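Overview (structure and organization)
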Amino acid sequence: MPNKNGHRDEIPSAIVVGGGPAGLTAAIALSQGGIATVLVGKRPVRADNRTTALLGGSVTALSTLGVWELCAAQAAPLKTMRIVDDTRRLWHAPEVKFEAHEIDLDAFGYNIENLHLVAALEQHARTLGSLRMIEDEVLRIEPGADAVAVTLKSGESLRAPLTIAADGRRSMGRDAAGIALDERDYKQAALTLCLKHSRPHRDTSTEFHTPSGPFTLVPLPGLRSSLVWVLDPIQADEIGALDDAELSAEIERASHSILGKIEVESGRGLFPLGVATARRFADKRIALVGEAAHVIPPIGAQGLNLGLRDAATIGELAIAAHREGGDIGAQDVLNAYDKMRRADVGSRTLAIDLLNRTLLTDFLPVQGMRGLGLYLLDRIGPLRRAAMREGVAPATAQPRLMRGEAL
Ligand SMILES: Cc1cc2nc3c(=O)[nH]c(=O)nc-3n(C[C@H](O)[C@H](O)[C@H](O)COP(=O)(O)OP(=O)(O)OC[C@H]3O[C@@H](n4cnc5c(N)ncnc54)[C@H](O)[C@@H]3O)c2cc1C
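Residues numbered from 1 in each chain as written. Predicted model: local features only at pLDDT ≥ 70, side-chain atom pairs only at ≥ 80, totals over all residues.

Some remarks on the environment of Arg279
- Among the secondary structure elements, Arg279 is positioned in the loop between strand 18 (269–278) and strand 19 (282–283).
- Since 12 C-beta atoms lie within 10 Å of it, Arg279 is described here as exposed.
- Separated by 99 residues in the primary sequence, Arg279 and Ala180 place their C-alpha atoms 5.7 Å from one another. (Helix = DSSP H or I, 4+ residues; strand = E, 2+ residues; numbered from the N terminus. Buried ≥ 20, exposed ≤ 12 C-beta atoms within 10 Å, placed from the backbone.)

Structure, rendered in structure tokens:
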């Protein structure tokens, strides 16, 4: 029956709040697994000019869902990853090069502009009969004993036994579930942009470790790359305000001209950095996915790869419960989700936080330890290969989609 605003109140089985890459992936997985799903997303205020290095299992998962073929042509393979110590400190680490063929892979993963990835996810989502997409803002999320009620700006209200909060860092869904966040601001900001260059990147991403944080160039198709430049926030504002010619020259200098002449493209992003982890990843029929659950700094390209593993995991658990005729938002499903995601998110957050701190510290013994760590990685083949395998995909916590198995 239509409600007072003239809309029909619907009873889907799952509601996804947030149409970023993590929310779209969760909605596609649920709906392809036979769960009637509604995704409600508002357009982000600013266009996302970032790129994502999709590592190992993420590409497999997107292929299994039927999304990868829609955007593969816009992605560049990452065959070599270089770490260069550009701290100019006393303890200078050696350059470390990781080659995908050392662990029998063609590429560690593929780098793609977020706008192309999201467009492919949206294109595929629109073809799914059991997935309704609503472009609107969610104003209220209220968990109840049997269902979560979600109110939209349009006045429409939805209820479902399971709600996925994929609504980003300032998640309303997380607050509605009463889940606290452990967070810490870094005194760093990331300047992001895409650029053209005169020399080929040879499918190599290069991470310069500087005293303000990493300066990372990641290949895009052709003579293009993306840049994530981690800086002190004041410096980031200053550099971000340079005109195109000045900024291009500054990037060429900072990259030691490894890609030749640089020409920045239009569209710059500035992201304050920090680390944040929700105390639980699900409660009260609400599961947190992507940055609603965890935020980590852009080092080692882990953030969205974790988010896609969240989406695949909650999809797998909810679909299994649905097939058994169970309650897909029941507390035991949510507890299993929390348990399955905690170790993966926790270990990556810790490793990246530690690496970032060793870059920023002026404390000589810690600088020495970082140098030693990189030296050992450079010299000891089995250690380097183990680090590469773990970086691409965790030994544990690989949901079915990441293994190429349909849900
Ligand atoms: C500089 C930088 C570089 C990065 N590089 C990489 C990388 O190489 N590899 C990698 O894996 N990760 C990377 N990351 C991390 C990655 O970008 C994030 O993990 C990812 O964008 C998070 O996706 P998400 O879908 O969780 O959230 P978001 O992209 O923030 O999406 C949330 C969505 O929810 C919507 N929304 C919010 N509130 C509401 C509401 N009330 N109603 C309706 N809709 C709502 C928003 O409009 C938005 O569309 C990087 C991050 C940064 C900062």
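Topic: the nonpolar core
- With 107 residues, the main nonpolar core has Ala26, Ile164, Ala287 and Val289 as its most contacted residues.
- For this core, the leading source of residues is helix 8 (residues 303–323), giving 9 residues. (Core = buried A, V, L, I, M, F, W, Y, C linked by C-beta atoms within 7 Å.)

Considering the packing of helix 1 (residues 21–32) against helix 4 (residues 114–125)
- Where helix 1 contacts helix 4, the two axes come as close as 10 Å, and the packing angle between them is 25°. It follows that helix 1 is roughly parallel to helix 4 by the angle criterion. Here the hand of the crossing between helix 1 and helix 4 comes out left-handed. Side by side, helix 1 and helix 4 meet where Pro21, Leu24, Thr25, Ala27 and Ile28 of the first sit next to Asn114, Leu117, Val118, Leu121, Glu122, His124 and Ala125 of the second. (Axes fitted to C-alpha atoms, helices over the stretch in contact; angles between N-to-C directions. Parallel < 35°, antiparallel > 145°, perpendicular 65-115°, else oblique. Left-handed = near helix turned anticlockwise from the far one by under 90°. Contact = placed C-beta atoms within 7 Å.)

With respect to the sheet that holds strand 19
- One open sheet accounts for 6 strands, arranged 8-2-1-12-20-19; its pairing is mixed. At either end of the open sheet lies a strand with only one pairing partner, and these are strand 8 (131–135) and strand 19.
- As paired elements, strand 2 (residues 37–41) and strand 8 share 5 bridges and run parallel to each other. Looking at strand 8, one finds that Val38 is bridged to Arg132.
- Strands in contact with helix 1 are strand 1 (14–17), strand 2, strand 8 and strand 12 (162–165); relative to strand 2, the strand with the most contacts, it is inclined by about 165°. (Pairing = 2+ DSSP bridges.)

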